[in-house]
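# An overview of the molecular structure
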Amino acid sequence: MSATQQASHINYICMAAALGGLLFGFDTAVISGAENLLKIQFSLDATMEGWLVSSGLLGCIIGVFTTGIISDRIGRKKTILIAGIMFFLSGVGCAFAPSFTILIISRMLGGVGVGMASVVSPMYIAEFAPASKRGQMIAYYQLAITVGILLAYFSNAFVVAVSKDQISNGVLNWLFSEQSWRAMFLIMCAPSILFLAALFKLPESPRWLVSVNRNDEARNILNTIRTPDDAGKELNEIVNARNKNESSSLFPISKAIRIPLLIGIVLAVLQQFSGINAIIYYGPRIFETAGIPSSNALAFQVIIGAINLIFTMVAIKYADKYGRKSLLKYGLSGIILSLLLCGVLFYTNNTQGYLLLVLIMVYIACFAFSLGPVTWIIINEIFPTNIRVKAVSLCTLALWVAVWMVGQFFPWLLEKAGAAITFWAFAVFSIFNLVFSLTVVKETNGKTLEEMNEVFISPH
Ligand code: BGC
């Protein structure tokens, strides 16, 4: 293979795996359009509504655990495939659910897929990408999340538009018009099929193959994505690293693991405590609180979604050039500033006008080029292969628990303490994150996965 062919092959591999993020984004955003319709259809009380939201998250947690257990046994590729199948089954199950219970079970299945993909997709990319492009390639995963969110908004809007008409075909009329929430979920099957089709052509991760002593297969795969010299060198490094770290247990936690684990878990939790999902999903409600009419909720969601997508490209371009820490430094500074100012606007009752909207856009842009992608990049590159999946699962689990906590406490905080305090609380967590990122997080830019041990054992 020529160098150009190899470059496009590796790009294909990483982009296909990144599609896990597309389903992640779609699955988490689709519910925002379906929720009200489901409330009416099943006459949901507050407890049942709580189930509707938390069933997906519970599924995510199950998915993360499952991946931690199975991915070292069956390999990365099969694990991603199972995640893709879960998404598909969830789409069909939700669309044709005969009862609320089946709907909840199907949502949970989708959650399992999201949870699995959130561990294995970026990790698979990290294990394939050349060290010099790893940041960029893991950021594809974040880009796919943002595309998924945007696609879900558009597809929900499309279904709402179609549902106003009477459709002559009985089944289609039931799906798209009478009970249009069904179509919102059914559409999720399309990206699932695309994902599954792209996955079949993917090779297994060479690092996993070496971990199960299939060195020859690993060599063959490396030869398709690296020059013969680089492939030989990388294989030796992987084999040496495996021989040094035979045990695949997280415990006892050695010094080389302790600091990466602390970094991974703290970054994961603080990414969520920056309030990103509260602002993305409750954005329209925040604008309503500010006196801006909610009739244009979709327009706001689309603007926020588009900015999220566009600024993720900045991370794709610069994560490997300027390093992870620089992006975190500038991004978090912008996040803190915009959150503090949003709080001031609410505190001083100055929320009419466009300044609030501009500040929220600045916040999203800063998140998109820093905290969003960089958190996923760092979590997936700092652990040695023998414990990577377990350690990444633990960090990702912390992230999902934090998603759940924000979902539970944000509406309560907004109601009890008001919007100003809520924004300031997110700002305080982001200040912690900035201090933590500047002092504890180590720069990992350009290092191979096998060199990470040295980064954390000899601090610089
Ligand atoms: C976060 C998600 C969030 C998304 C928004 C991701 O990095 O983990 O919780 O919804 O970014 O783009």
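This text follows the structure it describes.
Cut-offs used in this document
- Residues numbered from 1 in each chain as written.
- Predicted model: local features only at pLDDT ≥ 70, side-chain atom pairs only at ≥ 80, totals over all residues.
- Heavy atoms only, no water.
- Axes fitted to C-alpha atoms, helices over the stretch in contact; angles between N-to-C directions.
- Helix = DSSP H or I, 4+ residues; strand = E, 2+ residues; numbered from the N terminus.
- Left-handed = near helix turned anticlockwise from the far one by under 90°.
- Contact = heavy atoms within 4.5 Å.
- Nonpolar A, V, L, I, M, F, W, Y, C, P; charged D, E, K, R; others polar.
- Expected span 1.5 Å × (residues − 1).
- Bend = angle between axes of the 7 residues up to and from the residue.
- Buried < 20%, exposed > 50% of the residue type's maximum accessible area, 1.4 Å probe, protein only.
- Near = heavy atom within 4 Å.
- Polar contact = N/O pair within 3.5 Å; in protein donor to acceptor, adjacent residues only side chain to side chain.
- Areas by Shrake-Rupley, 256 points an atom, 1.4 Å probe, with all protein chains shown as cover.
- Core = buried A, V, L, I, M, F, W, Y, C linked by side-chain atoms within 4.5 Å.
- Domains from an automatic or database assignment.
- Parallel < 35°, antiparallel > 145°, perpendicular 65-115°, else oblique.
- 1 Å grid on protein atoms, 1.4 Å probe; cavity = no way out; pocket = protein on both sides within 12 Å on 5 of 7 lines; lining within 4 Å.
- Points joined across faces, edges and corners; volume = space filled by probe spheres on them.

## Focus on the packing of helix α10 (residues 215-225) against helix α11 (residues 228-244)
As a packed pair, α10 and α11 sit with axes 9 Å apart at the nearest point and diverge in direction by 145 degrees. Crossing angle aside, the handedness with which α10 passes α11 is right-handed. Counted together, Asn215, Ala218, Arg219, Leu222 and Asn223 of α10 and Pro228, Ala231, Glu234, Leu235, Ile238, Val239 and Arg242 of α11 form the full contact between these two elements. A per-class count over the contact of α10 with α11 returns seven nonpolar, two polar and three charged.

## Examining helix α4 (residues 100-128)
The end-to-end C-alpha distance of α4 is 41 Å, a good match for the 42 Å that 29 residues give at a rise of 1.5 Å each. When the local axis directions of α4 are compared, the greatest deviation, roughly 30 degrees, occurs at alanine 117. In terms of burial, α4 is largely enclosed, as 24 of its 29 residues are buried.

## What to know about the site of the ligand
Surrounding the ligand, one finds Gln142, Ile145, Thr146, Ile149, Gln271, Gln272, Asn277, Ile280, Asn308, Phe367, Gly372 and Trp376. Contact distances for the ligand include 2.9 Å between an oxygen atom and a side-chain N or O atom of glutamine 271. A distance of 2.9 Å separates an oxygen atom of the ligand from a polar side-chain atom of tryptophan 376. Burial of the ligand by the surrounding chains reaches 99%, relative to a free accessible area of 310 Å². For the shell around the ligand, the secondary-structure elements that each account for two or more residues are α5 (134-163), α12 (255-272), α13 (276-281) and α18 (371-381). Tallied by class, residues from the shell around the ligand come to five nonpolar, seven polar and no charged.

## Description of the side chain of glutamine 6
By secondary structure assignment, the location of glutamine 6 is in helix α1 (residues 3-41). Classification of glutamine 6 as buried rests on a relative accessible area of 8%. There is a polar contact of 2.8 Å between the side chain of glutamine 6 and the backbone oxygen of arginine 226. Discounting residues that sit within four places of it in the chain, glutamine 6 has contacts with Met1, Asn223, Thr224, Ile225, Arg226 and Thr227.

## What about the side chain of serine 393?
Residue position: serine 393 is located in helix α19 (residues 385-416). Owing to a relative accessible area of 7%, serine 393 belongs among the buried residues under this scheme.

## Details of the nonpolar core
Counting residues in hydrophobic clusters, the biggest one holds 154 residues, and the most contacted among them are Leu38, Leu103, Phe185, Ile364, Trp400 and Phe423. Per-element accounting of this core gives the leading share, 16 residues, to α1. Taken together, domain 1 (1-202) and domain 2 (249-460) each give at least three residues to this core, which thus spans both. Discounting residues that sit within four places of it in the chain, phenylalanine 423 has contacts with Ile279, Ile286, Leu339, Cys342, Gly343, Phe346 and Ile360.

## Looking at the packing of α1 against helix α8 (residues 189-200)
At a minimum axis separation of 9 Å, α1 and α8 run at an interaxial angle of 155 degrees. On the basis of the axis angle, α1 is roughly antiparallel to α8. α8 is crossed by α1, and the crossing has left-handed handedness. For the pair α1 and α8, the contacting residues are Tyr12, Ala16, Ala17, Leu19, Gly20, Leu22 and Leu23 in the first and Pro191, Ser192, Leu194, Phe195, Ala198 and Leu199 in the second.

## Some points on empty space enclosed by the protein
A complete count under the given rule lists one cavity of 30 Å³ or more for this structure. Of the pockets and cavities examined, the largest cavity occupies roughly 30 Å³. Ile279, Ile286, Phe410, Leu414, Ala419, Thr422, Phe423 and Phe426 are the residues that line the largest cavity. Put simply, the parts of the chain that give the lining of the largest cavity at least two residues each are α19 and α20 (419-439).

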